[in-house]
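Close look at the chain arrangement
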Amino acid sequence: MPPRKARAAADSADTRRRPYHSPLRRQQAARTREDIVAAGARIAHRLASWDWRALTFKAVAEQAGISVRTVHRHFSDERTLRGAILQRLVEESGVRLDHIELRDFASIATDVHRYLSSFATPAPAAEEPALAALDHRRRAALTNAVERAAPDWPSRDCVIAAAMLDMLWTPPLYERLGTAWRLDTAETSAALAWIAGLIEDAIRTNRRPGAARQEPGR
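Reference entry: report on the structure contained in this document.

Calculation criteria
- Residues numbered from 1 in each chain as written.
- Predicted model: local features only at pLDDT ≥ 70, side-chain atom pairs only at ≥ 80, totals over all residues.
- Heavy atoms only, no water.
- Axes fitted to C-alpha atoms, helices over the stretch in contact; angles between N-to-C directions.
- Helix = DSSP H or I, 4+ residues; strand = E, 2+ residues; numbered from the N terminus.
- Parallel < 35°, antiparallel > 145°, perpendicular 65-115°, else oblique.
- Contact = heavy atoms within 4.5 Å.
- Nonpolar A, V, L, I, M, F, W, Y, C, P; charged D, E, K, R; others polar.
- Buried < 20%, exposed > 50% of the residue type's maximum accessible area, 1.4 Å probe, protein only.
- Phe/Tyr/Trp six-rings, centres within 6.5 Å; stacked < 30°, edge-to-face > 60°.
- Salt bridge = Lys/Arg side-chain N within 4 Å of Asp/Glu carboxyl O.
- Left-handed = near helix turned anticlockwise from the far one by under 90°.
- Core = buried A, V, L, I, M, F, W, Y, C linked by side-chain atoms within 4.5 Å.

The N-to-C vectors of helix α2 (residues 23-46) and helix α5 (residues 78-93) enclose an angle of 75 degrees; their axes lie 9 Å apart at closest approach. Of the possible angle classes, the one that applies to α2 and α5 is roughly perpendicular. Contacts between α2 and α5 involve R33, E34, I36, V37, A38, G40, A41, A44 and H45 from the former and L81, A84, I85, R88, L89 and E92 from the latter. In the contact of α2 with α5, the residues fall into nine nonpolar, two polar and four charged.

In structure tokens:
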């Protein structure tokens, strides 16, 4: 083959191998990824319990009406897929963990309760890495909120107060209030706002949780 024709053939082969990223193709890929994450969120809402092992490539693909191979093209593994689904659930809840102020916690807790009530059952604690990472962010956000509201408090008192606030938006609490105490959504929301208000008032009036364990005269 003449050199000129050989170069032309090589250029043609390179063109066939070279990926073509058009705006339309990027839009289609974004829509497919959105469909995958939305399908996973729908599965999560229907789970009898938050057993994340049910959020598999196969289950999500069937829910989205696409092939498993397509899901693999958008997510490298199931951990990444579950992380994206969890992030979608966090966005749905309306809770922003990047900057929480103590004065807003009562309304945030009631919003979380209303959101969790849309699931098949409250979500128990799990060892799923994405959930563990979210739990770490949540605890850090609450601790920072207390420290900003009580800058003179010892760090352990801030941690204790943050831990008590954290209890107000954990699924086991909502489950017990609904099953053992038979509180409806409105009653639970009122109770959460009341307790959060008491803790906020204790911080504002410098009633530290650690003060009770101080020895007399110390």
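Mapped onto the fold, S189 is located in helix α10 (residues 185-204). Judged by its relative accessible area of 8%, S189 falls in the buried class. Once residues lying within four places of it in the same chain are set aside, the contact partners of S189 are T110, H113 and R114.

This paragraph deals with the packing of aromatic side chains. For any two aromatic rings, the description comes down to two numbers: the centre-to-centre distance and the angle of the planes. Tallied over the full model, the rule gives two aromatic pairs. When the centroid spacing of 5.2 Å and the interplanar angle of 85 degrees are considered together, the rings of Y115 and F119 count as edge-to-face. F119 matches Y115 in its accessibility class, with the two residues each being buried.

A separate point is the pattern of salt bridges. Pairing between side chains becomes possible if they bear opposite charge and their charged atoms approach one another. Going through the model one piece at a time under the given rule, you end up with 12 salt bridges. The closest approach of N and O atoms between D135 and R138, which form a salt bridge, is 2.9 Å. A residue pair is termed a helical-turn pair when its members lie 3 or 4 positions apart in one helix, as D135 and R138 do in helix α7 (residues 129-149) at three residues. Taken together, the salt bridges that share partners define one network made up of D135, R138, R139 and D166.

What follows deals with unusual backbone geometry. Positive phi outside glycine occurs at R182, with the angle close to 60 degrees. Relative to the helices and strands, R182 is located in the loop between α9 (171-179) and α10. The exposure class assigned to R182 is exposed, which follows from its relative accessible area of 62%. Even without a glycine there, the phi angle at N206 is positive, about 65 degrees. Considering the arrangement of structural elements, one finds N206 in the segment after α10.

A few words on the environment of R103. For R103, the position within the fold is in the loop between α5 and α6 (105-116). For R103, a relative accessible area of 61% puts it in the exposed group. The sequence separation of R103 and G197 amounts to 94 residues, and the corresponding C-alpha distance is 8.5 Å.

Attention now moves to the packing of α6 against α10. Running from N to C, α6 and α10 cross one another at 155 degrees; their axes reach a closest spacing of 8 Å. With respect to α10, the axis of α6 lies roughly antiparallel. The way α6 lies across α10 gives a crossing that is right-handed. On α10, the residues that touch F105, A106, A109, T110, H113 and R114 of α6 are T185, T188, S189, L192, A193 and A196.

On to the side chain of T110. Its place among the elements puts T110 in helix α6. Given the relative accessible area of 8%, T110 is considered buried. Apart from residues no more than four positions distant in its own chain, T110 is found in contact with S189, L192 and A193.

Turning our attention to the nonpolar core. In terms of nonpolar packing, the biggest core is built from 48 residues, with V60, F75, L81, F105, L165, W169 and I203 touching the most fellow members. Sorting the residues of this core by element identifies α2, α3 (57-64), α5, α6, α7, α8 (155-167) and α10 as the ones contributing at least two each. Discounting chain neighbours no more than four positions away, the residues touching I203 are L102, V146, A149, A150, W153 and A161.

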